[in-house]
Amino acid sequence: MKLIFATNNSHKLTELQALLGSSYELLSLNDIGCHEEIPEDQPTLEGNSRQKAFYIFDRYGLTCFADDTGLEIDALNGNPGVFSARYAGKDKDSNANMDKVLNQLEKINNRKARFRTVITLIIDGEEKLFEGIVEGKIIREKRGKGGFGYDPIFVPDGFDHTFAEMQPDDKNKISHRGRAVEKLVHYLKSL
Ligand code: IMP
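Residues numbered from 1 in each chain as written. Predicted model: local features only at pLDDT ≥ 70, side-chain atom pairs only at ≥ 80, totals over all residues. Heavy atoms only, no water.

Asker: When you look at the overall build of the chain in this model, what are you seeing that I'm missing?
Answerer: The helix and strand tally for the chain stands at five helices and six strands. Across the chain, helices and strands are ordered from the amino to the carboxyl terminus as β-α-β-α-β-α-β-β-β-α-α. Sorting the 191 residues of the chain into buried and exposed places 46% on the buried side. Pairs at least 24 apart in sequence give 54% of the contacts found in the chain among residues at least 6 apart. Surface summary for the chain: the accessible area is close to 9800 Å², and the carbon and sulfur share equals 47%. Positive and negative side-chain charges in the chain, numbering 26 and 30 respectively, have mean positions lying 3 Å apart. (Helix = DSSP H or I, 4+ residues; strand = E, 2+ residues; numbered from the N terminus. Buried < 20%, exposed > 50% of the residue type's maximum accessible area, 1.4 Å probe, protein only. Contact = heavy atoms within 4.5 Å. Areas by Shrake-Rupley, 256 points an atom, 1.4 Å probe, with all protein chains shown as cover. Lys, Arg positive; Asp, Glu negative; His and termini not counted. Charge placed at Lys NZ, Arg CZ, Asp CG, Glu CD.)

This is how it looks when you write it as structure tokens:
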């Protein structure tokens, strides 16, 4: 089955294709010739994933899904949340984003945080929402070279390594996106 994933992020496409397995052919925005900047200006993760998915569905009429992820830190009232990509400014600089978080939490002992992913699937014009959460904590320095985004400062509950120190497969098994995709795949297989 062909599925459009409304992204060109190669990290995510690789992660997701591995999770989806061979029964699904994942197409990116480039694969379908969509080169526009898709609006993403809603105040919630749910709103953004829905906005992106409908943008593609309305123009291409194909089965598609979009995701939106945020890192929610309790001591920062859920921030960076929906602002995760551009927390330190508009250039989406992961190092600057992590530095901002580490500075804000410098004198704070409550390090509790979670990654939350929301996926909106549009199939036959109907929308379905899938959520995946991984709870964890923000450590005090960056560790590891793998992954992307905030991975070097996030240690999932029950583990000693950051997401950036884990093998991609190990991260996929427990990650927010992995869990949301698992629900998506379960739904698609039930059709
Ligand atoms: P997006 O909605 O997936 O584009 O995610 C928004 C932002 O959240 C990204 O730019 C990253 O900063 C962060 N993010 C999303 N997924 C991950 C992840 O798996 N690890 C670390 N950071 C992530």
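Asker: Any chance you could explain the pairing of strand β3 (residues 64-73) here in plain terms?
Answerer: Consecutive residues of a regular strand have side chains that alternate between opposite faces of the sheet. When you tally the buried positions in β3, you get nine out of 10 residues, the bulk of the element. In this sheet, β3 lies alongside strand β1 (residues 2-5) in parallel orientation, the contact comprising two bridges. Bridge pairing links Phe-5 to Phe-65 in β3. The pairing of β3 with strand β4 (residues 112-123) spans 10 bridges and is classified as antiparallel. Residue Gly-70 lies in a different strand from β4, and its bridge partner there is Arg-116. (Pairing = 2+ DSSP bridges.)

Asker: I would appreciate a short explanation of unusual backbone geometry in the present structure.
Answerer: Trans is the prevailing form of peptide bonds, just as negative phi is the prevailing case for residues other than glycine. That bond from Asn-79 to Pro-80 is cis: its omega, 0 degrees, falls within 30 degrees of zero. Although it is not a glycine, Asn-77 sits at a positive phi angle of roughly 55 degrees. Residue Lys-92 is not a glycine yet carries a positive backbone phi of 50 degrees. Tracing the backbone through its elements, the reader meets Lys-92 in the loop between β3 and α3 (94-104).

Asker: Is there a simple way to explain the packing of helix α1 (residues 10-20) against helix α5 (residues 176-189) in this structure?
Answerer: Packed helices, taken two at a time, are described by the angle between their axes plus the distance between the axes. The contact between α1 and α5 brings their axes to 10 Å, and the two run at 45 degrees. As far as their axial angle goes, α5 and α1 are oblique. As α1 runs across α5, the sense of the crossing is right-handed. Where α1 abuts α5, its residues Lys-12, Glu-15, Leu-16, Leu-19 and Leu-20 lie against Arg-177, Gly-178, Val-181 and Val-185. (Axes fitted to C-alpha atoms, helices over the stretch in contact; angles between N-to-C directions. Parallel < 35°, antiparallel > 145°, perpendicular 65-115°, else oblique. Left-handed = near helix turned anticlockwise from the far one by under 90°.)

Asker: When you look at the site of the ligand in this model, what are you seeing that I'm missing?
Answerer: Residues in contact with the ligand amount to 13 residues; listed here are only the nearest, Lys-12, Asp-68, Asp-151, Lys-171 and Arg-177. The contact in question runs from a nitrogen atom of the ligand to an N or O atom on the side chain of Asp-151, over 2.6 Å. The side chain of His-176 places a nitrogen or oxygen atom 3.0 Å from an oxygen atom of the ligand. Bound to the protein, the ligand loses 88% of the 470 Å² it would expose on its own. Judged by the proximity of its atoms to the pocket grid, the ligand belongs to the largest pocket. Counting only elements with at least two residues in the shell around the ligand, the list comes to β3 and α5. (Near = heavy atom within 4 Å. Polar contact = N/O pair within 3.5 Å; in protein donor to acceptor, adjacent residues only side chain to side chain. 1 Å grid on protein atoms, 1.4 Å probe; cavity = no way out; pocket = protein on both sides within 12 Å on 5 of 7 lines; lining within 4 Å. Sits in = over half its atoms within 2 Å of the grid points.)

Asker: Can you help me understand helix α2 (residues 45-60) in this one?
Answerer: Since the α-helix packs 3.6 residues into each turn, any two residues three or four apart lie on the same face. Taking 1.5 Å as the rise per residue, α2 with 16 residues should run 22 Å; its terminal C-alpha atoms sit 23 Å apart, in good agreement. By the burial criterion, the buried members of α2 are Leu-45, Gly-47, Asn-48, Ser-49, Gln-51, Lys-52, Ala-53, Tyr-55 and Ile-56. The inward-facing, buried residues of α2 abut β1, β3 and β4. At the exit of α2 stands Gly-61, carrying a positive phi of roughly 65 degrees. (Expected span 1.5 Å × (residues − 1).)

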